[in-house]
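Now for the letters of each chain:
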Amino acid sequence: KQWYQRRVRGGLVLNSTPYYNEAGFNKYRETQGGELNTKHYNEMIILKINEHTRQMYMNPHGAFKEEIVAYYELQIPRTIQRYEALVKCSKSGKIDEAGITYPLL
């Protein structure tokens, strides 16, 4: 079940509005509440991806330990840059200028 939840969550961020992929939420598209919920949903996804990434890096599965560590050590500088850009744009109120692309990370 946990793998399925991670897989589904990961699959939902392949577009800019994964909030609307949830059952019944498409009716909120282009509404003020829907736009706000989309932003909150995307922020939650970023936090969950970050949490999962940290856990995987800190406790890699033994069979793939070398590959996981090598991959994340290569990706960590890029990920930090993206987070710093998100924080900077968020603080300035210009989050739309962060150059966010999908998938998010």
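Structure's up top.
Residues numbered from 1 in each chain as written. Predicted model: local features only at pLDDT ≥ 70, side-chain atom pairs only at ≥ 80, totals over all residues. Heavy atoms only, no water.

1. Some words on the packing of aromatic side chains
Tallied over the entire structure, the rule returns three aromatic pairs. Pairing Phe25 with Tyr28 gives two aromatic rings, centres 6.3 Å apart and planes at 85°, and the pair type is edge-to-face. Assessed through its relative accessible area of 29%, Phe25 is described here as partly exposed. Between the aromatic rings of Tyr57 and Tyr72, the centroid separation amounts to 6.4 Å while the plane-to-plane angle is 80°, which identifies the pairing as edge-to-face. Placement of Tyr57 in helix α2 (residues 32–58) and of Tyr72 in helix α3 (residues 65–92) is noted, with a sequence separation of 15 residues between them. Judged by its relative accessible area of 26%, Tyr57 is partly exposed. Among the aromatic residues, those joined into a ring-pair cluster are Tyr57, Tyr71 and Tyr72. (Phe/Tyr/Trp six-rings, centres within 6.5 Å; stacked < 30°, edge-to-face > 60°. Buried < 20%, exposed > 50% of the residue type's maximum accessible area, 1.4 Å probe, protein only. Helix = DSSP H or I, 4+ residues; strand = E, 2+ residues; numbered from the N terminus.)

2. Structural notes on the environment of Thr31
When you line up the elements, Thr31 lands in the loop between α1 (2–12) and α2. Within the structure, the side chain of Thr31 is placed 2.6 Å from the backbone oxygen of Tyr28, a separation counted as a polar contact. (Polar contact = N/O pair within 3.5 Å; in protein donor to acceptor, adjacent residues only side chain to side chain.)

3. Here's the deal with the packing of α2 against α3
In the contact formed by α2 and α3, the axes pass within 11 Å of each other and the chain directions differ by 150°. Between α2 and α3, the angle is such that the two are roughly antiparallel. Crossing hand, α2 versus α3: left-handed. Contacts from Ile46, Asn50, Thr53, Met56 and Tyr57 in α2 reach Ile68, Val69, Tyr72, Glu73, Ile76, Tyr83 and Leu86 in α3. Taken together, the residues of the contact of α2 with α3 break down into nine nonpolar, two polar and one charged. (Axes fitted to C-alpha atoms, helices over the stretch in contact; angles between N-to-C directions. Parallel < 35°, antiparallel > 145°, perpendicular 65-115°, else oblique. Left-handed = near helix turned anticlockwise from the far one by under 90°. Contact = heavy atoms within 4.5 Å. Nonpolar A, V, L, I, M, F, W, Y, C, P; charged D, E, K, R; others polar.)

All we've got here are geometric facts, nothing functional implied.
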